[in-house]
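Coordinate analysis (summary)
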Amino acid sequence: MEIAHQLGRKGGRKRQMTDSKIESAKQLLTNGVPPRDVAKNLGVSVPTLYRWVPASSIP
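Everything quoted here is computed from the prediction, not taken from an experiment.

**Digging into the packing of helix H2 (residues 19-30) against helix H3 (residues 35-42)**
Orientation of H2 relative to H3, taken along the N-to-C sense of each, is 150°, at an axis distance of 10 Å. Classed by the angle they form, the pair H2 and H3 counts as roughly antiparallel. As H2 runs across H3, the sense of the crossing is right-handed. Each of Lys-21, Ser-24, Ala-25, Leu-28 and Leu-29 in H2 lies in contact with H3, whose residues at this interface are Pro-35, Val-38, Asn-41 and Leu-42. Taken together, the residues of the contact of H2 with H3 break down into six nonpolar, two polar and one charged.

**Notes on the confidence of the model for the chain**
Confidence in the prediction of the chain, expressed as mean pLDDT, is 88, and 98% of residues score 70 or more. Per-element confidence in the chain ranges from a low mean pLDDT of 82 for helix H1 (residues 2-6) to a high of 95 for H3.

Conventions we followed
- Numbering of residues starts from 1 in each chain and follows the order in which that chain's sequence is written.
- A pLDDT threshold of at least 70 governs which residues receive local features in this predicted model, and a stricter bar of 80 or more applies before side-chain atom pairs are shown or counted, although totals over entire chains, interfaces and linings include all residues.
- Excluded from the side-chain calculations are hydrogens and water; all other atoms, namely the structure's heavy atoms, are used.
- Fitting a line to C-alpha atoms yields each axis, with helices limited to the stretch in contact; the angle taken between N-to-C directions then spans 0 to 180 degrees.
- Runs of H or I in DSSP of at least four residues are treated as helices and runs of E of at least two as strands, each being numbered from the N terminus.
- Relative orientations are named as follows: roughly parallel for angles under 35 degrees, roughly antiparallel for angles over 145 degrees, roughly perpendicular for angles from 65 to 115 degrees, and oblique for any other angle.
- The hand of a helix crossing depends on one turn: near helix anticlockwise from the far one by less than a right angle means left-handed, and clockwise means right-handed.
- Here, two residues are considered to be in contact whenever any of their heavy atoms come within 4.5 Å of each other.
- Under this grouping Gly is polar, as are all residues other than the nonpolar Ala, Val, Leu, Ile, Met, Phe, Trp, Tyr, Cys and Pro and the charged Asp, Glu, Lys and Arg.
- The score called pLDDT rates the predictor's confidence residue by residue, from a low of 0 to a high of 100.

This is the structure in structure tokens:
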């Protein structure tokens, strides 16, 4: 693990929600698109969508 870390490698899975996906999700939700449709469009589940874009941050 130490050698892998020195080589710049990290462990674990890649994030499904990239910064661009988060921004587009915020825009879609602000425009009134239902969360289920936004999640399906981005290829994630509704709980994953709400983990990255909390409902309290949507106007």
